Amino acid sequence: MLEARLARAEAMLDIIALEARYARAWDCCNGKAWADVFTADGVFEIAAVGDRSALKVEGREQLSAFCFDFTAKFSGVHVPGLPLLDIDGDEATGHLHFQFVAIGRLTPNHTMSRTACGQYDVRYRRTEKGWRMVHRLEKAFSSARSEFFDF
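Because the structure is predicted, anything quoted here is derived from the model rather than measured. (Residues numbered from 1 in each chain as written. Predicted model: local features only at pLDDT ≥ 70, side-chain atom pairs only at ≥ 80, totals over all residues. Heavy atoms only, no water.)

### Let's talk about the pairing of strand 6 (residues 110-127)
Consecutive side chains along a regular strand alternate between the two faces of the sheet.
1) Next: In the sheet, strand 5 (residues 91-107) pairs with strand 6 via 16 bridges, with the strands oriented antiparallel. Residue pairing in the sheet places Ala92 in a bridge with Tyr124 of strand 6.
2) Next: Connecting strand 5 to the next strand, strand 6, in antiparallel fashion are two residues.
3) Next: As defined by bridge partners, strand 6 adjoins strand 7 (residues 130-149) across 18 bridges and the pair is classed as antiparallel. For Tyr124, the partnering residue across the bridge sits in strand 7 and is Met133.
4) Next: Counting the residues in the hairpin turn of strand 6 and strand 7 gives two residues. (Pairing = 2+ DSSP bridges. Helix = DSSP H or I, 4+ residues; strand = E, 2+ residues; numbered from the N terminus.)

### Digging into the nonpolar core
1) Next: Core analysis: the biggest nonpolar cluster contains 31 residues, and Tyr22, Trp34, Phe38, Phe44, Tyr124, Trp131 and Met133 have the highest contact counts within it.
2) Next: Counting residues per element, the ones that place at least two in this core are helix 1 (2-27), helix 2 (31-36), strand 1 (38-46), helix 3 (59-73), strand 4 (84-88), strand 5, strand 6 and strand 7.
3) Next: Counting residues per element, this core draws most heavily on helix 1, which supplies six residues. (Core = buried A, V, L, I, M, F, W, Y, C linked by side-chain atoms within 4.5 Å. Buried < 20%, exposed > 50% of the residue type's maximum accessible area, 1.4 Å probe, protein only.)

### Here we look at the UniProt feature "domain: SnoaL-like" (unreviewed entry) in the protein
1) Next: The positions that UniProt labels "domain: SnoaL-like" (unreviewed entry) are, in the present scheme, residues 8-136.
2) Next: Secondary structure across residues 8-136 divides into 32% helix and 51% strand, with the first and last C-alpha atoms of the span separated by 21 Å. (UniProt positions renumbered as here; feature names shortened; annotations may be inferred.)

### Describing the environment of Leu96
1) Next: Tracing the backbone shows Leu96 in strand 5.
2) Next: Excluding residues that lie within four positions of it along the chain, Leu96 makes contacts with Glu19, Pro80, Gly81, Leu82, Pro83, Gly118, Gln119, Tyr120, Val122, Tyr124 and Arg136. (Contact = heavy atoms within 4.5 Å.)

### Some thoughts on the packing of aromatic side chains
1) Next: Scanning the entire structure with this criterion turns up 13 aromatic pairs.
2) Next: Aromatic side chains Tyr22 and Tyr120 sit 5.8 Å apart centroid to centroid with 75° between the ring planes, which places their arrangement in the edge-to-face category. With Tyr22 in helix 1 and Tyr120 in strand 6, the pair connects residues that are 98 residues apart, well separated along the chain. Tyr120 carries the same exposure label as Tyr22, and that label is buried.
3) Next: Centroid distance Trp34 to Phe66: 6.2 Å. Interplanar angle 40°. Geometry classified as tilted. Residue Trp34 is located in helix 2, and its partner Phe66 is located in helix 3; the two are separated by 32 residues in the primary sequence. (Phe/Tyr/Trp six-rings, centres within 6.5 Å; stacked < 30°, edge-to-face > 60°.)

### Describing the pattern of salt bridges
1) Next: If you walk through the whole model with that rule in mind, you get nine salt bridges.
2) Next: Across the pair Arg136 and Glu19 runs a salt bridge, and its minimum N-O distance is 2.9 Å. Separated by 117 residues along the polypeptide, Arg136 in strand 7 and Glu19 in helix 1 bring together distant segments of the chain. Here Arg136 matches Glu19 in class, with each residue buried.
3) Next: Close ionic contact of Arg126 with Asp90 constitutes a salt bridge, the shortest N to O distance being 2.8 Å. Here Arg126, found in strand 6, pairs with Asp90, found in the loop between strand 4 and strand 5; they are 36 residues apart in sequence, far enough to count as distant.
4) Next: Three or more residues are tied together by salt bridges with common partners; here these are Asp36, Arg60 and Arg132. (Salt bridge = Lys/Arg side-chain N within 4 Å of Asp/Glu carboxyl O.)

### Structural notes on the side chain of Glu19
1) Next: Owing to a relative accessible area of 4%, Glu19 belongs among the buried residues under this scheme.
2) Next: Within the local environment of Glu19, its side chain forms a polar contact with the side chain of Arg136, the two groups lying 2.9 Å apart.
3) Next: If near-sequence neighbours (up to four positions away) are discounted, Glu19 is found in contact with Pro83, Leu96, Val122, Tyr124, Met133 and Arg136. (Polar contact = N/O pair within 3.5 Å; in protein donor to acceptor, adjacent residues only side chain to side chain.)

Right under this line is the structure:
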């Protein structure tokens, strides 16, 4: 009984650390490290909301490129909540809220600020390298942007 409780607590802490690595890698513009929080066939998906189309990125190569492409234009910071986790052996699911704030210079005279908040629904799997994300679905509740033009 005690060993099972300890294993569950360790899994929870490992997944929380994985979530921190996810945010840190993206915010540091490190596409390779961001892709590494996913399984080799991992999927990052953004649900369609408002006038924004759905997006699906699969596999570490595409995940890394997606991160590099976005962070080449915008820098920002994730503010994730703690995940609500359901752990079942080497598989787990999680639900957490987030806020993301970014700013980017689109041209020398055009700067854009973006904020979004919403939730992530995540499936995790324990691998030989530790816990990794199998599928992550982002659902934005709100998104706002401001544009600034030099004159």
